[in-house]
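Listed below, chain by chain, are the residues.
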Amino acid sequence: MPKYFVKTWGCQMNVLDGDKIASLLEELGYEKADKLEDANVILLNTCSVREGPEDKVFAELSRLKKLKKKNLEILGVAGCVAQQEKNAVFERAPYVDIVMGPRSLSHLPALLRQARDQRAMETSDKEDSLLFPPEILRRSHPTKASVTVMEGCNKRCSYCIVPETRGREVCRPIGSILEEISVAVERGYSEIELLGQNVNCWKHGNEDFTDLLDKVSSVAGVKRLKFMTSHPKHFPLEAAKLMAERENICNFLHLPLQAGSSRILKLMRRQYDRKFYTDLVAGIKAAVPGIVLSTDIIVAFPSETEDEFEESLECLLEIRFDSVFSFRYSPRPGTPAAEMEPVPEIVARERHQRLMALQLGIQTHDHARFVGNTVEVLVEGVSKRGGQYMGRIPETIVVNFTSDKALKVNSCHRVEIQKSHPHSLEGRLADGA
Ligand code: SF4
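Description of the structure in this document. Every value quoted in this text rests on a predicted model; they were computed, and no experiment measured them.

## Considering the overall build of the protein chain
Here is step 1: Scanning the protein chain from terminus to terminus reveals 13 helices and 21 strands.
Here is step 2: For a compact globule of 433 residues, the expected C-alpha radius of gyration is about 22 Å, and the protein chain comes in at 22 Å, within 12% of that figure.
Here is step 3: C-alpha atoms of the protein chain, sized along the principal axes, occupy 60 × 55 × 50 Å.
Here is step 4: Evaluated residue by residue, the protein chain yields a buried proportion of 55% over its 433 residues.

Written out as structure tokens, the structure reads:
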């Protein structure tokens, strides 16, 4: 059997696209290779949100050049770098056979056929890739079924390339979302994650995001429901109230803040200011007591002053996020922010370190509240260091725990928390206690 290898960078939507690419290849009779060297077909499923992942793709392509001279028949670049760079991928790496944008996954079989004779490219942003047949989708996550409900973005944040690579917003009809969820539940997935660039902008006919949460959380067999990523400008408090009412909607919300300074938020074109964001969080916390929040912060956006950076630190102290994905600003070519005056690299590095140190302290302190409690953990496998099981509480925090009895992946257990760490909790099985 010919073998394939799909290597994915980037967000959860890219991870799901990686599963879709793998599923299509398996439908065509390919088998998954354990390592790159064994594959006849390699597809790099790329991310261009920041500079680092994009550089990694081209570094990986240079390494794969050697394999092209051996058994590698077809080398493809998929995802956002493919969409953004198009022909430039072939110019920088002439041994690449396929360039395929994120909205063109259904073209993969035809691109593979064409690539046997000549280079093949499909980067239309008009395709509706939301209608992937659920019955052929093989998911790589052990417990969670991610389901794309909308794709693309109608915002124009001044630093972001996503509207160029993923196109304008397209929302999927509720019937096909529920159908995919039913297939996932039948296959044993009790945890569902709704995905979209701005998932809470989902709208179809007269139905909005709160209606979507209502319907999905009512599907029999859905024990944990999450969603990602929410745009603060459009997060409805009705959705927060529904989260509090429905036991199976997890009390977890990823709500990107990006910066604490209202001037910087305006330069970023985020469509909200600091007060709007903090008032929204206060409303959400009041509606969902104990909710766990995570966020994204960009450090050293062009022209950010020391005082403005400290406003981001103030927000972390005030809101106390459970986790923060923070990045030093890196310019994406073609975006308005790339033309703005950058903050010197040395200042950016120092600010980023201060922000990470502050957040580490917050997480170290706040996770201690779990010690002595018994929590519900969905088992995902064994811990990275081995000797323990690893799973998550509904609010997504990782728990590593010991158990005298063997446990199945995708089973739920009560775990007594004995220790806390900044990024995880630790305990022992308390089933039957
Ligand atoms: S909301 Fe802004 S940051 Fe998010 S994908 Fe759209 S343009 Fe990019």
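Past the structure itself, the notes keep going.
## With respect to the pattern of salt bridges
Here is step 1: Under the definition given, this model contains 33 salt bridges.
Here is step 2: Two residues, Arg349 and Glu345, come together in a salt bridge whose shortest N-O distance is 3.2 Å. Here Glu345 and Arg349 lie together in helix H13 (residues 345-367), a separation of four residues that amounts to about one turn.
Here is step 3: Arg349 gets classed as partly exposed once you look at its relative accessible area, which sits at 43%.
Here is step 4: In this structure Glu345 comes out as partly exposed when scored by relative accessible area, which is 46%.
Here is step 5: In this structure, Arg354 engages Glu350 in a salt bridge whose closest nitrogen and oxygen atoms are separated by 3.3 Å. Remark: Glu350 and Arg354 occur in helix H13; sequence separation between them is four residues, near one turn of the helix.
Here is step 6: Overlapping salt bridges bring together Glu304, Glu306, Glu310, Glu350, Arg351 and Arg354 as one network.

## Some details on the nonpolar core
Here is step 1: Core analysis: the biggest nonpolar cluster contains 65 residues, and Leu194 and Phe227 have the highest contact counts within it.
Here is step 2: Not counting chain neighbours up to four residues away, the residues in contact with Phe227 comprise Glu193, Leu194, Val199, Phe209, Leu213, Phe235, Met243, Ile249 and Leu253.
Here is step 3: Counting 42 residues, the second largest nonpolar core, distinct from the first, contains Tyr30, Ala78, Ala115 and Ile136.

The rules we used
- Residues numbered from 1 in each chain as written.
- Predicted model: local features only at pLDDT ≥ 70, side-chain atom pairs only at ≥ 80, totals over all residues.
- Heavy atoms only, no water.
- Helix = DSSP H or I, 4+ residues; strand = E, 2+ residues; numbered from the N terminus.
- Rg over C-alpha atoms; globule rule 2.2 N^0.38 Å.
- Buried < 20%, exposed > 50% of the residue type's maximum accessible area, 1.4 Å probe, protein only.
- Salt bridge = Lys/Arg side-chain N within 4 Å of Asp/Glu carboxyl O.
- Core = buried A, V, L, I, M, F, W, Y, C linked by side-chain atoms within 4.5 Å.
- Contact = heavy atoms within 4.5 Å.

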